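# Fold and geometry: a report
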Amino acid sequence: LNLQQDTKTLLQEFCQARYRRSPVYQVVSEEGPDHEKLFEVMVSVGEVKRYGKGRNKKDAEQAAARFLLESLRAEAGKSEDAGEGKVSADVSRSS
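In this report, we go over the structure that sits alongside the text.

Quick notes on the rules
Residues numbered from 1 in each chain as written. Predicted model: local features only at pLDDT ≥ 70, side-chain atom pairs only at ≥ 80, totals over all residues. Heavy atoms only, no water. Helix = DSSP H or I, 4+ residues; strand = E, 2+ residues; numbered from the N terminus. Buried < 20%, exposed > 50% of the residue type's maximum accessible area, 1.4 Å probe, protein only. Contact = heavy atoms within 4.5 Å. Pairing = 2+ DSSP bridges. Axes fitted to C-alpha atoms, helices over the stretch in contact; angles between N-to-C directions. Phe/Tyr/Trp six-rings, centres within 6.5 Å; stacked < 30°, edge-to-face > 60°. Lys NZ or Arg CZ within 6 Å of the ring centre and 35° of its normal. Core = buried A, V, L, I, M, F, W, Y, C linked by side-chain atoms within 4.5 Å. Salt bridge = Lys/Arg side-chain N within 4 Å of Asp/Glu carboxyl O.

## Points about the overall build of the protein
Scanning the protein for helices and strands turns up 2 helices and 3 strands. Sequence-ordered secondary structure for the protein, helices as α and strands as β, is α-β-β-β-α. Looking at the protein as a whole, 27% of its 95 residues qualify as buried. Summarising the internal contacts of the protein: among those between residues at least 6 apart in sequence, 32% fall at separations of at least 24.

Okay, structure coming up:
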């Protein structure tokens, strides 16, 4: 399994599970001549946006998806650490 290739799918599943919505991709810029274009893509879910660059739209989307997924996972981790629905790993105390 190529993780790089599957980041968009992981992001899609994460956003659906957590926010009940899909991430939105948008090409914000194309630079350079046709044979070596550089694409910049923005991906957003709600108010959260991240950008990625690549030699084609797919690579740029994957990069943006990876950044957004990392951010959302970090945020999710923080809110769970705050005690909201947190399940402690050391619940099985022996009596």
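## Looking at the sheet that holds strand E1 (residues 24-31)
Pairing is antiparallel in the open sheet, where 3 strands are placed in the order E1-E2-E3. Because the sheet does not close on itself, it has two edges, and the strands there are E1 and strand E3 (48-54). Averaged over all pairs of adjacent strands, the angle between their axes in this sheet comes to 20°, without regard to strand direction. Relative to strand E2 (residues 38-45), E1 is paired through 7 bridges, and the arrangement is antiparallel. From the neighbouring strand, glutamate 30 faces E2, where its bridge partner is phenylalanine 39.

## A few points about the packing of aromatic side chains
Throughout the structure, instances matching the rule amount to 0 aromatic pairs. The ring centre of tyrosine 25 lies 4.7 Å from the NZ or CZ of lysine 8, which sits over that ring. One residue, arginine 66, lies across the ring of phenylalanine 67, its end atom 5.3 Å from the ring centre.

## Things to note about unusual backbone geometry
One non-glycine residue, arginine 20, adopts positive backbone phi at about 55°. One can find arginine 20 in the loop between helix H1 (3-19) and E1.

## Considering the side chain of serine 29
Relative to the assigned elements, serine 29 resides in strand E1. Among the residues examined, serine 29 registers a relative accessible area of 19% and is labelled buried. With near-sequence residues (within four places) excluded, serine 29 lies in contact with Leu38, Phe39 and Glu40.

## Section: the nonpolar core
Leu11, Phe14, Cys15, Val43, Val45, Ala64, Ala65, Leu68, Leu69, Leu72 and Ala76 form the largest nonpolar core, which has 11 residues in total. Among the elements of the structure, H1, E2 and helix H2 (57-81) are those that each provide at least two residues to this core. Of all the elements, H2 adds the most residues to this core, at 6 residues. Residues contacting leucine 11, with those up to four places away along its chain left out, are Pro23, Tyr25, Val43, Ala65, Leu68, Leu69 and Leu72.

## So, the pattern of salt bridges
Proximity of charged atoms lets side chains of opposite charge pair with each other. Evaluated as defined, the whole model comprises 3 salt bridges. Across the pair glutamate 61 and lysine 8 runs a salt bridge, and its minimum N-O distance is 2.6 Å. Of this pair, glutamate 61 sits in helix H2 while lysine 8 sits in helix H1; the two residues are 53 residues apart in sequence, bridging distant segments of the chain. Between lysine 78 and glutamate 75 there is a salt bridge, and its shortest N-O distance comes to 3.2 Å. Note that lysine 78 and glutamate 75 are positioned in helix H2 at a spacing of 3 residues, about one turn of the helix. Assessed through its relative accessible area of 46%, glutamate 75 is described here as partly exposed.

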